[in-house]
Amino acid sequence: MLQIGVSGHELTAQERDWLQHDACIGVILFARNFASRAQVAELTQAIRETASRPQLISVDQEGGRVQRFREGYTALPALQGFDALYREDPDAALALAREHAWLMASEIRATGIDLSFAPVIDLGRGNRAIGNRAFSADPQVVAAFARTYVDGMHEAGMAATLKHFPGHGSIPEDTHFDIAVDDRSLDAMRATDLVPFVAGIKAGADAVMMAHITYPQVAPEPAGYAPRWIGEILRKDMGFRGVVFSDDIGMAAAHSAGGVKARIDAHLDAGCDVVLVASPALVEESLRGMAGRVSNTMALAGLMGRGALGWDGLLADGRRDDVQARLGRVRESAVDAGATSGAINVGDVA
């Protein structure tokens, strides 16, 4: 199954045709698709009315530099800001992270969108793509935040997606632009980067997004199309029963699988349920590459949004104002570890 990107504020005729394809199960939106709250709600409605089957509509609305919708939405602080608060008062930091999750998810659900790909539970250890998107460098601290963030999203009626499995934060390369290799053993990963994923899965996370990183001591392929990582470690050893997403196949680190069809086949054959095709320029070829494959849309039923208040209801809810005020306590990091913020904000899946 494919989740695709579209080009602008309205659907083109070609994009309407794409939504009729059996392999297209949804759309991921970016800043390029956003002009206003009203406009993006209209776009979301048009996607649902055009498609011949239910569509999973998603966005990356993490906060900080990865927040696709801004005007009319809360300016959410980056997750790294919770680390200093945690050192002062762990319980207060965890409670406020839950409110961050509830507010983020509530605003996205009120827009008519099912899913924000969150939370990031990579370790904050200097990766250029992650930067201040990570809660902390400490696996146990990130694990605690993973649990509370999943709970907050669920309270707002949104499924939670842990990313980027099995851990993107401990090497410097940005997979949007570079091939990335992490030469640690599986035991070393289990003691560090995998700790938050174990916690998030136990907390009931509904989906996992894979990393385009190769861990040669564990598997020869990048994790997103490594049967060992998905089938053996994530599914069998860790007991995950939810939906597995690839990261965007347009990213440089995904090219090692070959052309567009080869990338799709590699991810699906390894056990991914959904392949993300963020660039509209790759969608036509990607849909052709799905010929002969059967899509199991039942796997996505648990990811559809539930119980949105709508904007009028959310604006009337005093909790939103209270959370906005309290999030002022979350201090933004002054330095973002050389993060490639421009590249991420122009439309790549994060």
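Details of the structure are given in the entry above.
A. The arrangement of the packing of helix α3 (residues 81-88) against helix α4 (residues 90-110) in detail. The N-to-C vectors of α3 and α4 enclose an angle of 145 degrees; their axes lie 6 Å apart at closest approach. Along the contact surface, α3 presents F82, L85, Y86 and E88, while α4 presents P90, A93, L94, L96, A97 and H100. Counted by class, the contact of α3 with α4 contains eight nonpolar, one polar and one charged residues.

B. Inspection of the pattern of salt bridges at higher detail. Scanning the model with the defined rule gives 22 salt bridges in all. Note that D193 and R184 form a salt bridge whose closest N and O atoms lie 2.9 Å from each other. According to the relative accessible area criterion, D193 is buried, its value standing at 1%. The class for R184 is partly exposed, based on a relative accessible area of 21%. The partner of D322 in a salt bridge is R326, and the shortest N-O contact between them spans 3.6 Å. Here D322 pairs with R326, and both are found in helix α12 (residues 318-326), just four residues apart, close to one helical turn. Accessibility expressed as a relative area gives 39% for D322, which makes it partly exposed.

C. How the structure looks around the sheet that holds strand β6 (residues 115-116). Strand order in the open sheet made by the five strands is β6-β3-β2-β1-β10, with parallel pairing throughout. One side of each edge strand has no neighbouring strand; the edge strands of this open sheet are β6 and β10 (275-277). Across two bridges, the pairing between strand β3 (residues 56-59) and β6 is parallel. Residue pairing for β6: S58 is matched across the bridge by L115.

D. Just the sheet that holds strand β9 (residues 243-245), in detail. Across the sheet, which stays open at both edges, the three strands sit in the order β7-β8-β9 with parallel pairing between neighbours. Each end of this open sheet is capped by a strand with a single partner; those strands are β7 (161-165) and β9. Between one strand axis and the next, the sheet turns by 25 degrees as a mean value, whatever way the strands run. Both strand β8 (residues 207-210) and β9 contribute to a ladder of three bridges, which runs parallel. The residue of β9 that forms the bridge with M209 is F245.

E. Region of the structure containing the side chain of R53. Relative to the elements of secondary structure, R53 occurs in the loop between α2 (37-50) and β3. In this structure the side chain of R53 is engaged in a polar contact, spanning 3.3 Å, whose partner is the side chain of S52. Each residue touching R53, except ones within four places of it in the same chain, is listed here: L19, Q20, H21, D22 and C24.

F. Quick look at the environment of A137. Considering the arrangement of structural elements, one finds A137 in the loop between β6 and α5 (139-155). Remark: the alpha-carbon pair of A137 and S170, spanning 33 residues in sequence, is separated by 8.9 Å.

G. Region of interest: the pairing of β3. Of the two faces of β3, the one lined by L56 and S58 and the one lined by I57 and V59 are each fully buried. Both strand β2 (residues 24-29) and β3 contribute to a ladder of four bridges, which runs parallel. Bridging from a neighbouring strand, I28 pairs with S58 of β3.

H. Spotlight on the packing of aromatic side chains. Applying the stated rule across the entire model yields 13 aromatic pairs. Here the aromatic rings of F82 and F145 are separated by 5.9 Å at their centres, their planes lie at 55 degrees, and the arrangement is tilted. Here F82, found in helix α3, pairs with F145, found in helix α5; they are 63 residues apart in sequence, far enough to count as distant. For the pair shown, F82 and F145 are each scored as buried. Ring centres of F117 and F245 lie 5.0 Å apart, and the angle between their planes is 75 degrees; this geometry places the pair in the edge-to-face category.

I. Representation of α2. Its 14 residues give α2 an end-to-end C-alpha distance of 20 Å, which sits within 8% of 20 Å, the value for a rise of 1.5 Å per residue. Listed in full, the buried residues belonging to α2 are Q39, V40, L43, T44, A46, I47 and T50. The buried residues of α2 occupy one face: seen down the axis, they fall within an arc of 160 degrees. Residues of α2 that are exposed and angled more than 90 degrees away from the buried face: E42 and E49.

J. Expanded view of the packing of α4 against α5. Remark: α4 packs on α5, axes separated minimally by 7 Å, with the N-to-C direction vectors making an angle of 35 degrees. Crossing handedness for the pair α4 and α5: right-handed. On α5, the residues touching A93, L94, A97, R98, H100, A101, W102, M104 and A105 of α4 are A144, F145, T148, Y149, D151, G152, M153 and E155. The class makeup of the residues in the contact of α4 with α5 is eleven nonpolar, three polar and three charged.

Rules behind the numbers
- Residues numbered from 1 in each chain as written.
- Predicted model: local features only at pLDDT ≥ 70, side-chain atom pairs only at ≥ 80, totals over all residues.
- Heavy atoms only, no water.
- Axes fitted to C-alpha atoms, helices over the stretch in contact; angles between N-to-C directions.
- Helix = DSSP H or I, 4+ residues; strand = E, 2+ residues; numbered from the N terminus.
- Contact = heavy atoms within 4.5 Å.
- Nonpolar A, V, L, I, M, F, W, Y, C, P; charged D, E, K, R; others polar.
- Salt bridge = Lys/Arg side-chain N within 4 Å of Asp/Glu carboxyl O.
- Buried < 20%, exposed > 50% of the residue type's maximum accessible area, 1.4 Å probe, protein only.
- Pairing = 2+ DSSP bridges.
- Polar contact = N/O pair within 3.5 Å; in protein donor to acceptor, adjacent residues only side chain to side chain.
- Phe/Tyr/Trp six-rings, centres within 6.5 Å; stacked < 30°, edge-to-face > 60°.
- Expected span 1.5 Å × (residues − 1).
- Arc of directions from axis to C-beta.
- Left-handed = near helix turned anticlockwise from the far one by under 90°.

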